[in-house]
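# Structural description and commentary
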Amino acid sequence: ATAAPGGGGCSPGGGGSVPVLFCFSVFARPSSVPHGAGYELLIQKFLSLYGDQIDMHRKFVVQLFAEEWSQYVDLPKGFLVSERCKVRLVPLQIQMTTLGNLTPSSTVFFCCDMQERFRPAIKYFGDIISVGQRLLQGARLLGIPVIVTEQYPKGLGSTVQEIDLTGAKLVLPKTKFSMVLPEVEAALAEIPGVRSVVLFGVETHVCIQQTALELIGRGLEVHIVADATSSRSMMDRMFALERLARTGIIVTTSEAILLQLVADKEHPKFKEIQNLIKASAPESGLLSKV
């Protein structure tokens with residue numbers, strides 16, 4: 001898709017960039033973006049222009065001025081800039097309470113950098129491997145997509161052998177700390193109705209934290225699994241979880257996640273999920289450090 005029906009308030013532009021008027025609050029600043037730019041580039045431009053005024057803890061809607069309606073309309077899905085146009089960033093005024101409800105059909109699991117070279121450095125690494133494997137088994141039982149990243153695997157090794165990645169939707173190397181890469185965003189776009197991300201791995205204060213903040217910035221609800229997430233330093237881990245909880249991210253446990261996803265003793269997979277839970281990780285002291 002390009003513009004909204006009826007021209008979307010745009011007129012033809014030329015060359016490799018397209019003029020765009022960026023509006024936020026009482027401000028309006030002309031600028032330009034590359035031809036074919038989509039939602040993410042528009043957001044980046046808004047941040048570069050108005051970053052000091054934008055509260056990233058708020059939820060926003062990007063709107064396009066549509067001449068057909070003589071007013072702004074929500075940005076069409078798949079919108080790409082092809083002509084001169086006017087867009088605005090609108091903070092949602094309604095207070096949105098994060099309830100944390102999970103359903104298999106609207107959930108995806110993110111497994112972050114559970115790699116061999118981290119084994120000697122990460123506190124309680126054996127325990128989070130065990131819990132991470134349980135979560136991935138649960139995801140397979142419930143038909144939940146799994147996205148896995150590996151931080152610079154050439155130097156840090158692949159995902160540990162104890163974790164079975166069979167059936168993962170995506171296993172992707174990265175150098176960026178956040179898991180939110182273009183390939184990951186494309187994979188999310190292929191999953192209809194995704195609302196919630198269950199996130200676990202290492203390190204809590206680096207890749208987990210940066211991934212979580214990017215995901216909530218895109219309007220997704222994030223659940224961090226405390227018993228499957230760790231760092232080299234328990235202080236770094238503790239303060240990261242506290243910070244993330246204050247932003248509205250849900251800090252929870254693997255058992256809570258799995259039972260919330262089945263929701264009912266009569267669920268056809270309840271017994272198998274129950275058996276996973278019974279194979280509990282040893283008491284490590286990890287959760288006492290939340």
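Residues numbered from 1 in each chain as written. Predicted model: local features only at pLDDT ≥ 70, side-chain atom pairs only at ≥ 80, totals over all residues. Heavy atoms only, no water.

### Focus on the nonpolar core
When a protein is soluble and globular, its nonpolar side chains tend to lie buried together. Formed by 32 residues in total, the largest nonpolar core has its most connected members in Phe109, Phe125, Leu135, Phe200 and Ile257. Looking at this core, the elements that each hand over two or more residues are β7 (107–112), α2 (125–142), β8 (146–151), β10 (196–202), β11 (221–230), α7 (254–262) and α8 (270–278). The element contributing the most residues to this core is α2, with 8 residues. Each residue touching Phe200, except ones within four places of it in the same chain, is listed here: Phe109, Phe110, Cys111, Cys112, Gly132, Leu135, Leu136, Ile208, Val225, Ala228 and Thr229. Listed in part, the 27 residues of the second largest apolar core include Ile191, Leu199, Ile208 and Leu220. (Core = buried A, V, L, I, M, F, W, Y, C linked by side-chain atoms within 4.5 Å. Buried < 20%, exposed > 50% of the residue type's maximum accessible area, 1.4 Å probe, protein only. Helix = DSSP H or I, 4+ residues; strand = E, 2+ residues; numbered from the N terminus. Contact = heavy atoms within 4.5 Å.)

### Brief notes about helix α5 (residues 204–217)
With 14 residues, α5 should cover 20 Å at 1.5 Å per step; its first-to-last C-alpha distance of 18 Å lies within 8% of that length. Taken as a whole, α5 has its buried residues at Thr204, His205, Val206, Cys207, Ile208, Gln209, Thr211, Ala212 and Leu215. On its buried face, α5 is in contact with β7, β8, β9 (170–174), β10, β11 and α6 (234–246). Following α5 by one or two positions, Gly219 has its phi on the positive side, about 90 degrees. (Expected span 1.5 Å × (residues − 1).)

### Some points on the environment of Val62
Along the chain, Val62 falls in strand β4 (residues 60–66). Classification of Val62 as buried rests on a relative accessible area of 5%. The residues contacting Val62, other than those within four sequence positions of it, are Tyr39, Ile43, Phe46, Asp74, Leu75, Arg88 and Leu89.

### Some thoughts on the confidence of the model for the chain
Of the residues in the chain, 88% reach a pLDDT of 70 or more, and the chain-wide mean stands at 88. A low-confidence stretch, residues 1–14 (pLDDT under 50), is modelled with 38 contacts involving residues beyond four sequence positions or located in other chains. (pLDDT = per-residue confidence, 0-100.)

### Brief notes about unusual backbone geometry
For the bond from Val202 to Glu203, the omega torsion is -20 degrees, close enough to zero to count as cis. Phi at Asp113 takes a positive value of approximately 55 degrees, unusual for a residue other than glycine. When you line up the elements, Asp113 lands in the loop between β7 and α2. Even without a glycine there, the phi angle at Tyr152 is positive, about 40 degrees. Structurally, Tyr152 is set in the loop between β8 and α3 (153–156).

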